[in-house]
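# A structural walkthrough
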Amino acid sequence: MSSSKTAEAERRIQQAFKTNGTSLNLSGLELHTVPKELGNLANLTNLYLSQNQLTAVPRELGNLANLSVLYLCQNQLTAVPRELGNLANLTVLSLWENQLTVVPRELGNLANLTVLSLWENQLTAVPRELGNLANLIWLYLSQNQLMALPKELGNLANLIQLYLDGNQLTAVPGELGNLANLVRLHLDRNQLTAVPKELGNLANLSVLHLDQNQLTAVPKELGNLANLSVLHLDQNRLTAVPKELGNLANLTELHLDQNRLTAVPRELGNLANLTELYLHQNLDLAYPSPEIIEQGNKAILTYLREQWKDGERQWISKLLVVGEGRAGKTSLLRALRGELFEAQQSSTHGIEIETLNLPHSVEPDITMNLNTWDFGGQEIYHATHKFFLTNRSLFLLVFNAGVGFEQGKLIYWLKTIHANAPDAPVILVATWIDERHADLPLSDLKQQFPQITGLCEASNKTGEGIKELQQAIINTAAELPLMGEIWPTTWLKFAKAIRQNEGKQATPQQFWAAMTKAKVSEDSQPVLTKWLHELGDILFFQDDDEVNDLIILKPQWVTQHISKVLTAEEVIKSNGIFTRQCMDRVWADLPPGLPDFFLRLMERFDLSYRTRESPDISLVVECLPFEPPAFQPLWQQKQQEANCKEISMKFQVSEILPGIPTWFIARQHRFTIDQGERRGLHWRTGVLFQDRDAKHLGLVRTLRDESTNADYLHLTVRGPVPHNFFDVLREGLELTLRRYPGLKVTRLLPCPDPENTNCIHEFDYANLTMRLERIPPRETIECPNCLEIISVTQLLFGLHYTTQDAVIAKIDRLQASNQGNFDALQDSVEQGFTELRELVQREVLREIRTVQKQIESPCPSVFVLRPDDRAIWQKDIGSQRINLQLYCEHPGCFHPVQEGGLYPIDNPKQWLQEMTPHLNRLFGILKYVTPVAGPWLGVSAPDYSELIKNDRAQTWGNLTRTTTPEGDVMWLCKDHIKEIYPTSS
């Protein structure tokens, strides 16, 4: 203990004796002992000994007959004297955050005690005598090692709050149900496998935490808790919850996430006051369906309430028919519907949607309505299929038995289905069996693709095998997740009306009006619209301002017209160039205004983009030639530059599917090198891009491994500091690959070959990141080929969040080497300060979005604090008026908004205290928000929307929430939106 603190402690004690003081505060003085003479302070009512280094306290404290409040928390106590049980007038005893292993049973004598804090100790048990504390209101036993509880705790008739979280309890006594006045009960973070039904007797309970246990069931009696408002059952092993929870009329929050639920009871729709329902990470949850859960909390609650009021089962789903052209898909569907065979059946262009009605396999008098999607088999259409090949559907994969399964490309189609819809069942169908029966290794295919439910053979011409195929479809379709889904009656009626509507388009206003007329509630309308879109009944991208001005009522109408572009000779011969004049010819049958909308849809699907040359000229990426242009001279020239460095990554994928890499080319077109008649250095399987400052080149190609004959994607970036441009292009590629949920991707990094031995080894990126994420991290790895010891941090520098500190350290070194001269840093291409700063800012934004779940956040998150009127910071910044200034979040170009976006902080000290936990991690990073900010404090935190609540118009300084082509979410000014989307209309 420092001499000054010792002197202060002695002074306070002497003052207490001199004045017969009633209160003595010795907290935070680094005391190792307490003089036993304190027991002579007969008038003392309040004694504070917290935040010291005490390992024991004198038993003489038990003589303080008038003591009412005793704080001994945050010390190193291993025991307390039993004489404390003599303090008859004690009302508050605080012993939390010590090293106590036992507490004396004499504490049960403290008849007037109202608060007992024992949390964060090492207790394995508590004495049953605590049950004698008749006036106890708050009991805190959290974060100990309790294995069991005495049933006598059920005698605490006045207890309001009981905290037992963070222990080792495997059971709790039913007597806790006697605590008639209990308002809060925390039993989370234990080892409970069951909870007693008597908890249902806690009539005044408002908050119940049972999360993070081992519960497999909860008693139906919990439905009796009439005053319960918050119930946590998350992170357990529940497979079901009782329907009686629907009786909790005052419940506002229900946490059921991270369990093993397959369904939630319909009765939850009866909870009128419920505002928060958490169901995520229940992997087998079928009700509500994933389509509803993905739409968020409000959608789930709206659906449950609507269907609870008046629900009806819907027997409808999707039947997707795919395969190579001329396999007989259309004729097969005709045969299944009982229609006559047509020898000259024309080829399908795009998608044809019809209906197939079949009886249910087990439900009597039920007819299943299967919407059949007949996909054109020509390769040029395959890139458009992705937007309709969805999970929770049934696939018929059709091939011509006469040409065999290999020529029918079954492996290709099975990989495509698995990549897009990994959980959907697949029936293989061999057609033309009147010419030749199917011959294929079915058992091997089933082992490789477990989605396959069977093989059927049929002749569209003679009808042989059609009945057997119908039965296979019936049996499989009856098990589809959406089959028999309960829909609110108003939803169902409206959906039927839409499906029967002969129109092809509607404005959103017309659509909403029709919903209102059909008595679909206003809250339900966005949810139902989204669901109809997901089911393929309509096309409506309501969250995309570029294409949300029209609703397409016949999705096949769109694909048919897009297909006309993809097959237009004029477009193909011009290497994918699609002009306004060509559009007028190809889409001559469309009414005015529709061609521009369809063009925007093609851009939304990443099938085309408008060139910088003219908004009337588009490039259709699916019509690019396979032969690459002369990109090598420019690519090799970059390598010859003196300061050139290179980063590359290989993406091994289970299949190079349509849209890879053409969708990537379309999304990242702002980096196009505008050369040659193609309007860029791109081709069907690759592209050469250039960053906005023309410092770096990025090459993406699909190549084939000669040793394994497997295709892969390869990304390489060259330039002085390639990390930032590599990060942008890589995120764009990752976004493209994420469109295929079943696609298997392995990422590989080449050995840096420190000794220049032409090492060919490639490290698994996932393995490298695991090494740095370990505690402690494994920072080196031996190359099995060249046998050199490689620094994992250097290998992943700028590629993974674990290297963020290394990147910041390099920025600091660059800044120090230029002695704070920002202009010199900005001009230093070789040192790369600007590129690294942009990389850090982008990674920080992603970190913020992850922590905050910013996708649903209503306001920007990067800002600086500054003194009012830009006065000099005072030493205690919490004592002066502070303003919050919003920033445009464009990486590398963070800047304060030009107008507005400035908000006063009325209580700086309190606000800063609340924000401190969020600032610690980000402060060191966000000092690079912008050097011109000078002494301003750069911060970012999740919960400051209350501060700017006066901005009722939510203009946010004219910043706009923008999703970049790479999938990053940023709040940007108009100029930087234009930089990211230079050719948008």
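Residues numbered from 1 in each chain as written. Predicted model: local features only at pLDDT ≥ 70, side-chain atom pairs only at ≥ 80, totals over all residues. Heavy atoms only, no water.

### Side note on the overall build of the protein chain
A tally of regular secondary structure across the protein chain gives 26 helices and 41 strands. Counting every position in the protein chain, which comprises 985 residues, the buried fraction comes to 55%. Summarising the internal contacts of the protein chain: among those between residues at least 6 apart in sequence, 54% fall at separations of at least 24. Accessible surface, the protein chain: about 43300 Å² in total, of which carbon and sulfur atoms supply 47%. (Helix = DSSP H or I, 4+ residues; strand = E, 2+ residues; numbered from the N terminus. Buried < 20%, exposed > 50% of the residue type's maximum accessible area, 1.4 Å probe, protein only. Contact = heavy atoms within 4.5 Å. Areas by Shrake-Rupley, 256 points an atom, 1.4 Å probe, with all protein chains shown as cover.)

### Quick look at the pairing of strand 16 (residues 367–375)
Most of strand 16 is tucked away: seven of the nine residues are buried. Summarising the sheet, strand 14 (residues 316–322) and strand 16 pair through six bridges and their orientation is parallel. Note on strand 16: the bridge partner recorded for L320 is W373. With nine bridges connecting them, strand 15 (residues 351–359) and strand 16 associate as antiparallel partners. (Pairing = 2+ DSSP bridges.)

### Topic: a positive patch on the surface
On the surface, K36, R59, R82, R105 and R128 cluster together into a positively charged patch. Topologically, R128 is positioned in the loop between strand 5 (115–117) and strand 6 (138–140). (Patch = residues over 30% accessible without salt bridge, like charges linked within 9 Å, V, L, I, M, F, W, Y side chains within 5 Å. Salt bridge = Lys/Arg side-chain N within 4 Å of Asp/Glu carboxyl O. Lys, Arg positive; Asp, Glu negative; His and termini not counted. Charge placed at Lys NZ, Arg CZ, Asp CG, Glu CD.)

### Concerning the sheet that holds strand 15
In spatial order, the strands read 15-16-14-17-18-19; together these six strands make up an open sheet with mixed pairing. The outermost strands of the open sheet, each flanked by one partner alone, are strand 15 and strand 19 (452–457). Ignoring which end each strand starts from, the neighbouring axes of this sheet average 25° apart. Looking at chain direction, strand 18 (residues 426–431) and strand 19 are connected through five bridges and run parallel. Directly across from V426, in strand 19, lies its bridge partner I452. (Axes fitted to C-alpha atoms, helices over the stretch in contact; angles between N-to-C directions.)

### Side note on the pattern of salt bridges
Throughout the structure, instances matching the rule amount to 23 salt bridges. Residue D165 pairs with R189 through a salt bridge whose shortest N-O separation is 2.7 Å. Remark: R189 occurs in the loop between strand 8 (184–186) and strand 9 (207–209) and D165 occurs in the loop between strand 7 (161–163) and strand 8; sequence separation between them is 24 residues. With a relative accessible area of 7%, D165 lands in the buried category.

### Description of the packing of helix 13 (residues 555–566) against helix 16 (residues 594–604)
Put simply, helix 13 and helix 16 touch, their axes get as near as 11 Å, and they point 80° apart. When the interaxial angle is binned, helix 13 and helix 16 end up roughly perpendicular. Together, W557, V558, H561, I562 and V565 of helix 13 and L594, F598, L601 and M602 of helix 16 make up the contact between the two elements. Looking at the contact of helix 13 with helix 16 residue by residue, the classes come out as eight nonpolar, one polar and no charged. (Parallel < 35°, antiparallel > 145°, perpendicular 65-115°, else oblique. Nonpolar A, V, L, I, M, F, W, Y, C, P; charged D, E, K, R; others polar.)

### Some thoughts on the environment of E106
Among the structural elements, E106 can be located in the loop between strand 4 (92–94) and strand 5. Owing to a relative accessible area of 22%, E106 belongs among the partly exposed residues under this scheme. Considered as a pair, E106 and G85 are 21 residues apart in the sequence and their alpha carbons are 4.8 Å apart. Dropping the residues within four chain positions of it, E106 is found in contact with R82 and G85.

### As for the sheet that holds strand 27 (residues 682–683)
If you trace the seven strands from one edge of the open sheet to the other, you get 27-28-29-30-26-31-32, paired in antiparallel fashion. Bordering the open sheet on either side are strand 27 and strand 32 (762–764), each of which pairs with just one other strand. Of the pairings in the sheet, the one linking strand 26 (residues 645–653) to strand 30 (residues 711–719) comprises eight bridges and is antiparallel in character. When the bridges of strand 30 are listed, F651 appears paired with L713. Packed on one face of the sheet, helix 17 (residues 632–640) meets strand 26, strand 28 (686–690), strand 29 (697–704) and strand 30 and runs near 50° to strand 30. Taken strand by strand, helix 20 (residues 765–773) contacts strand 26, strand 31 (745–750) and strand 32, and its axis lies near 60° from that of strand 32.

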